[in-house]
Amino acid sequence: MGYKRPVRILVVEDEPALSDQLARALAGAGYAVEAAADGERADLAVRAESYDAVVLDLGLPRIDGLTLLRGWRESGLGVPVLVLTARGSWHETVEGIDSGADDYVAKPFRMEEVLARLRGLIRRASGQPSPVLRSGDVALDPRLARVTRSGVPVKLTSHEFRVLSYLMHHRGRVVSQGELTEHIYAQDFERDSNTVEVFVARLRRKLGASIIETVRGLGYRVAP
Ligand code: CA
């Protein structure tokens with residue numbers, strides 16, 4: 001599974017000294033490193049280039065780290081992200097993970113820990129073939145958080161993705177509305193006021209009416 005090309009890492013950190021320190025350590029470990037000092041540049045870079053991992057500070061000028069991360073995940077970008085959080089800030093850590101971070105390191109950190117966590121993250125991302133779930137012409141890649149219809153990528157919001165992902169993981173079974181609601185809001189701080197019916201309606205509009213079947217009085221089902 002080894003890489004022929006160098007492993008590319010994007011370092012997103014606005015503090016110049018820390019950014020340099022990270023870039024030097026990562027380059028020393030054999031990675032090809034690029035750096036972005038604000039959220040806007042980071043967003044452009046991640047959407048234009050293909051990185052093997054991103055080291056992401058949360059407090060950034062222009063666009064903050066959590067907003068960036070949510071945006072990437074909502075548009076289906078699955079690049080592994082290591083978040084740098086403030087030590088002792090458990091809510092930052094929780095929010096980071098909820099927003100789609102793969103791992104985190106608290107500041108101030110030891111460089112060895114950043115390197116170890118990155119190695120783990122890259123190994124996990126490249127080690128496994130991704131188990132793509134299919135129903136009819138719709139395919140869902142859980143690892144990349146990507147959905148396609150007849151091979152064409154379809155943009156879903158994070159809640160739409162969660163609903164579809166849950167139903168596709170339980171293909172062939174009727175899933176009740178209560179179970180779906182519990183699942184999509186399990187890790188949320190802010191509840192989206194939309195109901196499961198709204199997400200199902202939007203998914204049908206985007207993926208074809210037949211993707212989700214309503215089983216009257218019982219719930220929803222995706223065909224195996
Ligand atoms: Ca910062």
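Since this is a predicted model, take the numbers as computed values, not measurements. (Residues numbered from 1 in each chain as written. Predicted model: local features only at pLDDT ≥ 70, side-chain atom pairs only at ≥ 80, totals over all residues. Heavy atoms only, no water.)

Considering helix α6 (residues 158-169)
Side chains three or four residues apart in an α-helix point the same way, a direct result of the helix having 3.6 residues per turn. The terminal C-alpha atoms of α6 lie 16 Å apart, and with twelve residues this matches the ideal 16 Å at 1.5 Å per residue to within 8%. By the criterion of burial, α6 is predominantly enclosed, with ten of the twelve residues buried. What α6 keeps buried is the set His159, Glu160, Phe161, Arg162, Val163, Leu164, Ser165, Tyr166, Leu167 and Met168. Packed against the buried residues of α6 are β6 (133-135), β7 (138-141), β8 (146-149), α7 (177-185), α8 (196-207) and β11 (219-221). (Helix = DSSP H or I, 4+ residues; strand = E, 2+ residues; numbered from the N terminus. Expected span 1.5 Å × (residues − 1). Buried < 20%, exposed > 50% of the residue type's maximum accessible area, 1.4 Å probe, protein only. Contact = heavy atoms within 4.5 Å.)

Notes on the pairing of strand β2 (residues 32-36)
Two strands pair when backbone bridges link them, and strand β1 (residues 8-12) and β2 are joined in this way by five bridges, in the parallel orientation. Within β2, the position partnered with arginine 8 by the bridge is alanine 32. What joins β1 to β2 is helix α1 (residues 16-28), and the crossover it makes is right-handed. (Pairing = 2+ DSSP bridges. Right-handed = clockwise from strand over helix to strand, strands pointing away.)

Overview of the environment of leucine 26
Tracing the chain through its elements places leucine 26 in helix α1. Discounting residues that sit within four places of it in the chain, leucine 26 has contacts with Ile9, Val11, Tyr31, Val33, Val55, Leu115 and Leu118.

Quick look at the coordination of the calcium ion
Donor atoms from the polypeptide that bind the calcium ion are Asp14 (OD), Asp57 (OD) and Gly59 (O), placed at 2.2 to 2.3 Å. Residue aspartate 14 is classed as partly exposed on the basis of its relative accessible area of 31%. (Donors = N, O, S within 2.8 Å, 3.2 Å for Na, K, Ca; no water.)

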